[in-house]
4 protein chains.
Amino acid sequence: MILRCRRGTPEEAVTDIERLLQENGVRTVRSPEARRPILAVLDKLPGGLAEELAASPHIEERAAPAKGAFRQVSRAFQDEPTVVRIGKLRIGPGHPCAVIAGPCSVEGRARVLENAHRVKEAGAHMLRGGAFKPRTSPYAFQGFGVEGLRQLKDAGEAVGLPVISEIMDAAHVPAFVDQGIDCLQIGARNMQNFTLLKAVARAGRPVLLKRGLAATVEEWLLAAEYLMEGGCTQVVLCERGIRTFETATRNTLDLTILPLLRQWTHLPVVVDPAHASGIATLIPTLCRASVAAGADGLAVEVHLEPAIARSDGPQALLPGELKQVVAEARILSSLFG
Amino acid sequence: MILRCRRGTPEEAVTDIERLLQENGVRTVRSPEARRPILAVLDKLPGGLAEELAASPHIEERAAPAKGAFRQVSRAFQDEPTVVRIGKLRIGPGHPCAVIAGPCSVEGRARVLENAHRVKEAGAHMLRGGAFKPRTSPYAFQGFGVEGLRQLKDAGEAVGLPVISEIMDAAHVPAFVDQGIDCLQIGARNMQNFTLLKAVARAGRPVLLKRGLAATVEEWLLAAEYLMEGGCTQVVLCERGIRTFETATRNTLDLTILPLLRQWTHLPVVVDPAHASGIATLIPTLCRASVAAGADGLAVEVHLEPAIARSDGPQALLPGELKQVVAEARILSSLFG
Amino acid sequence: MILRCRRGTPEEAVTDIERLLQENGVRTVRSPEARRPILAVLDKLPGGLAEELAASPHIEERAAPAKGAFRQVSRAFQDEPTVVRIGKLRIGPGHPCAVIAGPCSVEGRARVLENAHRVKEAGAHMLRGGAFKPRTSPYAFQGFGVEGLRQLKDAGEAVGLPVISEIMDAAHVPAFVDQGIDCLQIGARNMQNFTLLKAVARAGRPVLLKRGLAATVEEWLLAAEYLMEGGCTQVVLCERGIRTFETATRNTLDLTILPLLRQWTHLPVVVDPAHASGIATLIPTLCRASVAAGADGLAVEVHLEPAIARSDGPQALLPGELKQVVAEARILSSLFG
Amino acid sequence: MILRCRRGTPEEAVTDIERLLQENGVRTVRSPEARRPILAVLDKLPGGLAEELAASPHIEERAAPAKGAFRQVSRAFQDEPTVVRIGKLRIGPGHPCAVIAGPCSVEGRARVLENAHRVKEAGAHMLRGGAFKPRTSPYAFQGFGVEGLRQLKDAGEAVGLPVISEIMDAAHVPAFVDQGIDCLQIGARNMQNFTLLKAVARAGRPVLLKRGLAATVEEWLLAAEYLMEGGCTQVVLCERGIRTFETATRNTLDLTILPLLRQWTHLPVVVDPAHASGIATLIPTLCRASVAAGADGLAVEVHLEPAIARSDGPQALLPGELKQVVAEARILSSLFG
């Protein structure tokens, strides 16, 4: 439940309500929304308290979020869109479409640096690169680990781009922070790894949360709620395709839910069309469609020689293709932004 | 298998090849492609014939279509995009995004006429309206039948728009033709109703073929192959959302396959975002995304008073919203067309 | 809505209620249930009539079926299980598990006769065989048509088994009846071919209705409702696997819904494990599981030489395997029947 | 790749092959199979080595597992079924169907003890109970943690049953071991939490690995491969329903893959029909179907008062129902075991 106070409710009246709830064992969170005080009520109200609140002259409405368990992610809690800040980059409505690009895996110092130069030239805003790789087979390349993080960060600094990398283990949070990784990515397979969500929430860094392969929008936003409940307000959602019966493409990009997310949550959304399709030649068109559907950003893989990539080569763009993607994203987000 | 002859192969050499195959019980179809003779080979080659063809100086290559059973739908058979002609309307690459709009069901002479006026004003290019309705329950409104077709056609003529309506029964083909329905729609539930496909193929009218709820792209194009095999070359594909695990939206619009269709087939594609989402407020954004993904057209439902529609009210646009959709489609298709 | 009268309500009181509804434009159907009068109300009640009915001393309850639009298929309308009669065969609770077996396609007079002898010997209760084949590709073998029906019926008569075959076209109903086909099968692709459902309902023959590849249980039972609304009470449901993301098997057999069907409907259910798995070696085990899950029957394909079958060879059983399946089904249905 | 040596190959010849591979940077694992030496080759063979191996007189065949990346899980590596040992319990072919039962969550010392007594009386072989609960919402009951493990173990010891509980965090491994948890469960949401798989593999305890909600059989077995690669050979697979379009049941129990698993892997499989259906009245029938499909065990939730359970009450069995399930499982596994 969300309690929305009338505009102009004096601060002491709000703290009285908070104290009343707290004394009854009910936790609350205050919305950052400036226009009026709004409280997310995290626990069930004990008997009698609902009536007491209903009688308060300060509470305008008890709003129901789009789905029962939503609290801090919901538009009822915060109507104003969240704009996530990563260094100088802004991801969210009112800002240019943010393009996140780089290699699937960090594959060595020289290569990632070269890649960073090329994606920067092409107009990307953040450098991506995997150092810990979630691989279906235990015998596949698992990434360079902390050394990979270091190489990624150095490359990002060399070209002046913030960096993002996937974290798979709660125990790695200090390493990601120490290496200066600007944004922590939680992958599709770990979307409901609640241990990881809780640990990452406390890292003090923005988080990009990918949608699980078969996660409903409700489950995805509740995973984001885990992050917010843990203290992280800088959450970027990332749609990356869902698993369906169709086998012509690797997954099915679910753009249908982009306008729905706008109604349900204030969090920004980026789209990763590469993992959805698994076919590089489809990606530029899917980037257009994503931005037209309202994406606040795009996440793509770029490789200088896709044929020799250690992972996901067939879905990587060339730098020249990225340039075109960035240009089209700019036009579309200026048209509909 | 597709046989592609060298440019400049004399006509008699091609007919020799056709005759040779025919004498061996192998049916062929000649591609309309002007640049070189191309033959779709419909049956398996008997022993020895493959070698004989391989020795021909006129055959440049024996091309494999994207999927094994594709013949006339494939780009290997016809590289040039098909532009479907419905009256003065053209659907396909190089033409403005075609907007098909109108009520879900024809609900009476006055209403469909009023609707036609409004969608015409808003810029639509073809009037849609259901007279035979495929309803999940036998007790739901089943449509006005032939009288509905008549009212639809009259409305279309009054405003100068061609009309399209869904056909569910092979026995109704003469009625659709007699009433002058300009384009016959095959619905998602009937995509693999092969009896209907064969009958409609012989109607001599353009056909809009919706993708089945759980049809793979391969099955869908083979349904189109049924139409082409039956003599209908004027086929428009219509993506309308697939059935997935997600319940927040009615279906999941599969835009991922739009750029793939361009690689696999020469047939034009329109998108129906209303049945995919089931939520009217999502439709304008999904229309943008569809056109950006390369759709040659859009199919939407418009109702003057959605609240009282006899079917599918919650997913109908208002005429003012349609106007905006048409305007945005025009901009996008001029940008990327 | 379902109206359930008190036990012992006099017949004239029931006809009074029926007449009252009819005069108000509301259609009703009387349940065959002997223990008390029950009426399915097919249309919405006009204002005031609900109150009038509520005041009747004869109506014990206004029951809601499991899903809103269910009427004649629901347990609320008929609590007693339907036992479908096909010649001497009985399909339903209290009767031995009915085994339907035979070739995928009728492939000639001698072959189907040989097949019939073998499945009869193995203990099957009905002979199946396709004469009209729904094929994904227009160039694949489409069946022998009416001649196939004739060969199937002759084979069935020679060995003393009723026969079942798939009907794809409303116009074929007279041919199926003339050839003496004992049970008409509606295939998965045609489950929502409402034209066909309506025509088949009037054929006066029992019908086996396969579940659509992506049909919910609700949609499937409403397809059965179309049959019952058209006058056919002898409906057998057939679960044959649904389309999911899993590609290791052709489809996923949905046995989860078998005990649910018992709660929702009085109609009997058979299971076709061959189309679900697509792998012959899995079928005997899936037959066991189906009977243990409560199936009233099994439908399997048998081929004497699967390697040369014109369709679906890889999922056909050999006669010896069928014998084992029949024996195990007998044991399981005696244990749990 | 799997190298299968001829029967009777001398031990030194096998170690020669192992050494040759090792010197070329190729890791191998020896199969426990006694009848002949078999080696799983974990890395790609460098150029030339394949030829060298092909020339060896000791290698009978280079077998391909059912799916490319399978190694230690595959029947090609170990043909003999694995029977997992948990205290005196045996799970696998040739042993009675193992019944795992207990509360969804440990809800206090007295309750879990009472529950343990009842499931023991009903004939269960292992006590289950959640202490760390993966909940979709961060505000839902998250379990009693280590104290819950302690209560579960005490209850198990009091009635003489081994215990199983879900582990969600690599850091909890020592706590599970210290509390004497006999079998560690990896839940569906964590099936591809590779960090957790690696940590649990080193715990030296048997592991029950649930199938992910949308995991293919291939991905599931590769998750088991992670466990085996980490040194854990005592792995029980647990099918618990997959996510499909059907909403009448919570998930769809995939029994189709049970006989397929027998062909692909030597690991035993148990079925959890409760999470699949989400409806308690369906569970006893689904238990029958699972055992008939070849399940080596069943995992069910039992609650003494389902109405007041803190989680998953609607899908819990009563002790009396469990007794019936155990009895039927015994009969079925003796019939088909």
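So, how was this worked out
Residues numbered from 1 in each chain as written. Chains lettered and ligands numbered in written order. Predicted model: local features only at pLDDT ≥ 70, side-chain atom pairs only at ≥ 80, totals over all residues. Heavy atoms only, no water. Helix = DSSP H or I, 4+ residues; strand = E, 2+ residues; numbered from the N terminus. Buried < 20%, exposed > 50% of the residue type's maximum accessible area, 1.4 Å probe, protein only. Polar contact = N/O pair within 3.5 Å; in protein donor to acceptor, adjacent residues only side chain to side chain. Contact = heavy atoms within 4.5 Å. Buried area = accessible area lost by both parts, 1.4 Å probe. Salt bridge = Lys/Arg side-chain N within 4 Å of Asp/Glu carboxyl O. Domains from an automatic or database assignment. Least-squares fit on C-alpha atoms with pLDDT ≥ 70 in both. Pairing = 2+ DSSP bridges. Axes fitted to C-alpha atoms, helices over the stretch in contact; angles between N-to-C directions. Disulfide = S-S within 2.5 Å. Expected span 1.5 Å × (residues − 1). Phe/Tyr/Trp six-rings, centres within 6.5 Å; stacked < 30°, edge-to-face > 60°.

1. A word on the side chain of A:Asp272
All names here are of chain A. Tracing the sequence through the fold places Asp-272 in the loop between β13 (269-271) and α9 (273-277). Judged by its relative accessible area of 2%, Asp-272 falls in the buried class. At 2.9 Å, the side chain of Asp-272 and the backbone nitrogen of Ala-274 are in polar contact.

2. Some thoughts on the interface of chain B and chain C
On the chain C side, the residues contacting the 30 residues of chain B number 30 residues. Across the chain B/chain C interface, buried area totals approximately 2,700 Å², and carbon plus sulfur atoms make up 54% of it. Along the contact surface separating chain B from chain C lie two salt bridges. Note that C:Glu219 is salt-bridged to B:Arg243, the shortest N-O span being 2.7 Å. The tally of links from chain B across to chain C stands at 20 residue pairs in polar contact (both at pLDDT 80 or more). Only α6 (194-201) and α7 (217-229) of chain B provide two or more residues apiece to the side of chain B that touches chain C.

3. Side note on the domain arrangement of chain A
What the domain assignment lists for chain A is domain 1 (2-64) and domain 2 (84-336). Between the C-alpha centres of domain 1 of chain A and domain 2 of chain A the distance comes to 37 Å.

4. What about the side chain of B:Glu246?
Here B:Glu246 shows up in the loop between β12 (235-239) and α8 (257-264). According to the relative accessible area criterion, B:Glu246 is buried, its value standing at 4%. Looking at B:Glu246, its side chain comes within polar contact range of the main-chain nitrogen of A:Val217, at 2.9 Å. A polar contact is formed between the side chain of B:Glu246 and the backbone nitrogen of B:Ala248, at a distance of 2.9 Å. Not counting residues up to four positions away in its chain, the partners in contact with B:Glu246 are A:Arg211, A:Ala215, A:Thr216, A:Val217, A:Asp254 and B:Thr252.

5. Observations regarding the relation of the copies chain B and chain C
When chain B is fitted to chain C, the residual RMSD is 0.0 Å, and the transformation amounts to a turn of 180° plus an axial shift of 0.0 Å. With respect to symmetry, the two chain copies, as superposed, fit the operation of a two-fold axis. Within chain B, B:Ala214 has its C-alpha nearest the rotation axis, a separation of 2.9 Å. A shared interface surface links the copies, since 100% of the contact residues of chain B are contact residues in chain C too.

6. Concerning the pattern of salt bridges
Residue and element names in this part refer to chain B. Across all of its chains, the model carries 100 salt bridges over all chains by this definition. For the salt bridge of Glu-11 with Arg-30, the shortest nitrogen-to-oxygen distance reads 2.9 Å. Of the two residues, Glu-11 sits in helix α1 (residues 11-23) while Arg-30 sits in strand β2 (residues 28-30), which places them 19 residues apart along the sequence. A residue is classified by how much of its surface remains accessible, and Glu-11, at 45% relative accessible area, is partly exposed.

7. Notes on the sheet that holds strand β13 (residues 269-271) of chain D
Residue and element names in this part refer to chain D. What the eight strands build is a closed barrel, ordered β7-β8-β9-β10-β11-β12-β13-β14; its pairing is parallel. Going from strand to strand, the sheet's axes swing by 25° on average, the running direction of each strand aside. Relative to β13, strand β12 (residues 235-239) runs parallel, the two being bridged by three bridges. Within β13, the position partnered with Leu-237 by the bridge is Val-269. Together, β8 (126-128) and β9 (163-166) form the strand contacts of helix α4 (residues 146-159), whose direction differs from that of β9 by roughly 160°. Sitting on the sheet, helix α10 (residues 283-292) is in contact with β13 and β14 (297-301), with an inclination near 165° to β14.

8. Let's talk about the interface of chain A and chain B
Each partner contributes residues to the interface: chain A has 40 residues there, and chain B has 40 residues. Of the roughly 3,000 Å² buried between chain A and chain B, counting both surfaces, carbon and sulfur atoms make up 74%. The three residues of chain A that bury the most area against chain B are A:Phe245, A:Thr256 and A:Phe336, which together make up 22% of that side's buried surface. Applying the counting rule to chain A against chain B returns two salt bridges.

9. Side note on the state of the cysteines
Here a disulfide denotes one covalent bond, and it connects the sulfur atoms of two cysteines. Residues and elements named next belong to chain A. A complete count under the given rule lists zero disulfides over all chains for this structure. With no disulfide of its own, Cys-287 has Cys-97 as its nearest cysteine by sulfur position, at a separation of 8.3 Å. Given a relative accessible area of 2%, Cys-287 falls into the buried group.

10. A look at helix α11 (residues 319-336) of chain C
With 18 residues, α11(C) extends 26 Å from end C-alpha to end C-alpha; this agrees with the ideal 26 Å at 1.5 Å per step. Within the sequence span of α11(C), burial applies to C:Pro319, C:Leu322, C:Val325, C:Val326, C:Glu328, C:Ala329, C:Leu332, C:Ser333 and C:Phe336. Taken together, the buried residues of α11(C) touch β7 (98-102), α3 (109-122), α10 (283-292) and β14 (297-301) of chain C together with α10 and α11 (319-336) of chain D.

11. Some words on the packing of aromatic side chains
Residue and element names in this part refer to chain C. Per the stated rule, a full pass over the model turns up 16 aromatic pairs over all chains. Between Phe-141 and Phe-144, the aromatic rings sit 5.6 Å apart at their centres with planes inclined by 90°, giving edge-to-face as the arrangement. Overall, the relative accessible area of 33% leaves Phe-144 in the partly exposed class.

12. Let's talk about the pairing of strand β3 (residues 38-41) of chain A
All names here are of chain A. In β3, alternate side chains face the same way, and those of Ile-38 and Ala-40 on one face and Leu-39 and Val-41 on the other are all buried. By the bridge criterion, three bridges tie strand β1 (residues 2-5) to β3 in an arrangement that is antiparallel. Bridging from a neighbouring strand, Arg-4 pairs with Ile-38 of β3. Pairing between strand β2 (residues 28-30) and β3: three bridges, direction antiparallel. By the bridge assignment for β3, Thr-28 is matched with Val-41.

13. Quick look at the sheet that holds strand β11 (residues 207-210) of chain B
Residue and element names in this part refer to chain B. Read around the closed barrel, the eight strands follow the order β7-β8-β9-β10-β11-β12-β13-β14; overall the barrel is parallel. The sheet shows a mean angle of 25° between the axes of neighbouring strands, taken without regard to direction. Judged from the four bridges that link them, β11 and β12 form a sheet pairing that is parallel. Its bridge partner being in β12, Val-207 is matched across the sheet by Val-235. Those strands touched by helix α4 (residues 146-159) are β8 (126-128) and β9 (163-166), and its axis lies near 160° from that of β9. Running at roughly 165° to strand β14 (residues 297-301), helix α10 (residues 283-292) makes contact with β13 (269-271) and β14 of the sheet.

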